[in-house]
Each structure stands twice: as C-alpha cells, then as structure tokens.
Amino acid sequence: MSGTKALEQGHVAEAQLPAPDLSVVVTLYNEADSVEELYRRTVAALEPGPHTFELIFVDDGSTDGTFAALERLRGDDSRIRAVRFKRNFGQHPAMHAGLARARGDIVVVTVPLKAYRSVPVEPLAGKIVIDTNNYYPQRDGHIRELDDESTTTAELLQAHLPTSKVVKAFNHIYAAELTTHGQPADTKNRRALVIAGDDQGAKAVVRDLIDRFGFDTVDAGPLKEGWRIQRDTPGYGPRRTA
C-alpha cells in the first residue's frame, strides 16, 4: 500500500526469519503513552506458551511519537514488526496492512465488527483465525442477520474467510484479565474460557493456546453456538469455571 513504511532496516531480513506460529496485529493511532504497556501485557500473556509469535503494529499516521516508541521496542525485540502510514488512513486500511503481513499459522483478528469485511481473504487462506469480535449496534450500526439472530459474528467472519478456519475465543474476557487471571493447569476452580468452531483440529490448537495462557476451556460446539458468549448473555464477562 502506498504511503506506508515498514520498519525492518538494520535487522535480519524477513525472508531469513522462520515463520512464527502466531501473529497478533494491533493498529495504533497516537498511542505513544500506552503502546509500551500494551506491548508488555501482550508479551506477558504470550511468552509462557510453546508457540512462537510476532507482534505486528501498524501506526496509522500518528503525530505524537508512537512510531518512535515502536522503534525503541523493535530495537530490543525482533518479534516486533512495525508498519507506518505517512498519514491517517483509518482502521480498515491499517488492519488490512497488518493482516496482509501476518506470517503465523494462527492469526488473531480484533477489529470493530463493522470492519470485518476489510479483513483480507487471500493472506489468511488455510490459517486458523481467532475471532474476538463482539457486536455493538451503537458502534457497528445495525446488522440485520445479527439483529434477527439468524447468524453469529463468527459465522459472518467465516463466510467472509471461506478458506480459513475460524474459532471464536477470547471475546468474553477483559484484556487485562488475560494476564492476571491465568493459573497453572489442574488448579482448583481455574477460570474457563469458551470456544466455538467448525474445525476440530483448529479448536484443538486454540484450546492448547488457551491452556498456555492459564485457563481451562469449554467447547460450546460449532460456530453457530458462539452466541452463548456474546454481549448480554450470562457467559459474557463474568469469571466462570468449567
């Protein structure tokens, strides 16, 4: 995409680096004061697990020093990849740029639901896509299929990504609790997170990832059962055990 600059200079060329297991894409705009804390929390959640990972930060034309903060972080951690837009293009192009660069077999998609059609299809073909989206009409506008409950948010994303394996997960826990509520396996009353998906192999991979985060897993079944952890349901938000 024109108007972008990849921060790769002075480091091992991307083609020489082994592809990671997991790609996390984060879009930023004027987040100089918070990006380092976001980085630390994300790494704290991912490092205990067996999966290698990359963090793809897309600076959507920030004017406050966000990219300078990313440069400092990148200098200390080669798992960071950073893309800089020369001006603010908006979240849709920023997320597209990040996902198009994702090299992991597992990709986490966290975008406002109204933007799900901006998620690139071809780069995610064959990959496991973890859908963390929630539907908020006041933010996303009304989506008829969700209002009449004829489908779910994850089924919408799966229809948009027909060659990917979508698993619903992580949408019903606050981000801060991912790094504070995790416990070792077999801990009594360990918190459980729900998953839903149509591909058993993909769910097994995500189940292992959740265990490494420090949580048990409850399999709700196919994607259509993802409504059980959507907004305004008993499964959305509270701490629950298996």
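Residues numbered from 1 in each chain as written. Predicted model: local features only at pLDDT ≥ 70, side-chain atom pairs only at ≥ 80, totals over all residues. Heavy atoms only, no water.

J.: Would you explain the overall build of the chain in this entry?
T.: For the chain, the helix and strand inventory stands at eight helices and nine strands. On C-alpha atoms alone, the chain measures out to a radius of gyration of 18 Å, which is about the 18 Å that the 2.2 N^0.38 rule sets for 242 residues. Its C-alpha atoms give the chain principal-axis dimensions of roughly 45 × 40 × 35 Å. Here the chain holds 242 residues, and the buried ones make up 48% of them. (Helix = DSSP H or I, 4+ residues; strand = E, 2+ residues; numbered from the N terminus. Rg over C-alpha atoms; globule rule 2.2 N^0.38 Å. Buried < 20%, exposed > 50% of the residue type's maximum accessible area, 1.4 Å probe, protein only.)

J.: Quick question: what am I supposed to make of empty space enclosed by the protein here?
T.: To find leftover empty space, a probe the size of one water molecule is rolled over the atoms. Within the structure shown, the criterion is met by two cavities of 30 Å³ or more. In this model, the largest cavity occupies a volume close to 40 Å³. For the largest cavity, the full set of lining residues is Asn 133, Asn 134, Thr 152, Thr 153, Ala 154, Lys 168, Asn 171, Gly 226, Trp 227 and Gln 230. Grouping the amino acids of the lining of the largest cavity by side-chain chemistry returns two nonpolar, seven polar and one charged. (1 Å grid on protein atoms, 1.4 Å probe; cavity = no way out; pocket = protein on both sides within 12 Å on 5 of 7 lines; lining within 4 Å. Points joined across faces, edges and corners; volume = space filled by probe spheres on them. Nonpolar A, V, L, I, M, F, W, Y, C, P; charged D, E, K, R; others polar.)

J.: Quick question: what am I supposed to make of the layout of surface pockets here?
T.: Taken as a whole, the largest pocket holds about 980 Å³ of empty space. Together, 35 residues line the largest pocket, and Val 108, Thr 110, Thr 132, Ala 175 and Leu 178 are the ones closest to its centre. Residue assignment for the lining of the largest pocket shows that the elements contributing at least two residues are strand S2 (22-28), helix H1 (35-46), helix H3 (91-100), helix H7 (175-178) and helix H8 (200-213). Split into classes, the residues belonging to the lining of the largest pocket amount to 22 nonpolar, 11 polar and two charged. Of the voids in this model, the second largest pocket is the one considered here, and its volume is about 300 Å³. Together, 14 residues line the second largest pocket, and Leu 146, Glu 149, Thr 151, Trp 227 and Gln 230 are the ones closest to its centre. At the level of elements, helix H5 (144-147) and helix H6 (153-160) are the ones that each hand at least two residues to the lining of the second largest pocket. Residues that form the lining of the second largest pocket fall into these classes: three nonpolar, six polar and five charged.

J.: Looking at this structure, how should I read the environment of Leu 73?
T.: Following the sequence through the fold, Leu 73 ends up in helix H2 (residues 66-76). C-alpha of Leu 73 to C-alpha of Arg 117: the two residues are 44 residues apart in sequence and 31 Å apart in space. The residues contacting Leu 73, other than those within four sequence positions of it, are Val 35, Glu 36, Tyr 39 and Ile 80. (Contact = heavy atoms within 4.5 Å.)

J.: I tried to follow the pairing of strand S9 (residues 216-219) on my own but got confused; where do I start?
T.: Consecutive side chains along a regular strand alternate between the two faces of the sheet. One ladder, built from four bridges, connects strand S8 (residues 192-197) with S9; its direction is parallel. Residue Ile 195 lies in a different strand from S9, and its bridge partner there is Asp 219. Read as a crossover between parallel neighbours, the route from S8 over H8 to S9 is right-handed. (Pairing = 2+ DSSP bridges. Right-handed = clockwise from strand over helix to strand, strands pointing away.)

J.: Would you take a moment to explain the environment of Val 194 for this structure?
T.: Mapped onto the elements, Val 194 comes out in strand S8. Accessibility expressed as a relative area gives 17% for Val 194, which makes it buried. Taking C-alpha positions, Val 194 is 9.8 Å from Ile 173, a pair spaced 21 residues apart along the chain.

J.: Whenever I open this one, unusual backbone geometry confuses me. Can you help?
T.: If a residue is not glycine, its phi is most likely negative; likewise, a peptide bond is most likely trans. Of note in the backbone geometry, Phe 170 takes a positive phi value of approximately 70° without being a glycine. Mapped onto the secondary structure, Phe 170 falls in the loop between strand S7 (165-168) and H7. Notably, Asp 232 is not glycine yet its phi reads approximately 70°, a positive angle. Checked against the element boundaries, Asp 232 lands in the segment after S9.

J.: Where do I start with H8 in this structure?
T.: In an α-helix, one full turn covers 3.6 residues, which means residues spaced three or four apart are oriented alike. Along its 14 residues, H8 runs 20 Å from first to last C-alpha, staying within 8% of the 20 Å computed at 1.5 Å per residue. Buried within H8 are the following residues: Ala 202, Lys 203, Val 206, Leu 209, Ile 210 and Phe 213. Each buried residue of H8 lies within a common arc of 120° when the element is viewed along its axis, so the set occupies one face. N-cap assignment for H8: the residue whose side-chain oxygen lies 3.1 Å from the backbone N of Gly 201 is Asp 199. Two residues or fewer after H8 comes Gly 214, characterised by a positive phi angle close to 110°. (Expected span 1.5 Å × (residues − 1). Arc of directions from axis to C-beta. Polar contact = N/O pair within 3.5 Å; in protein donor to acceptor, adjacent residues only side chain to side chain.)

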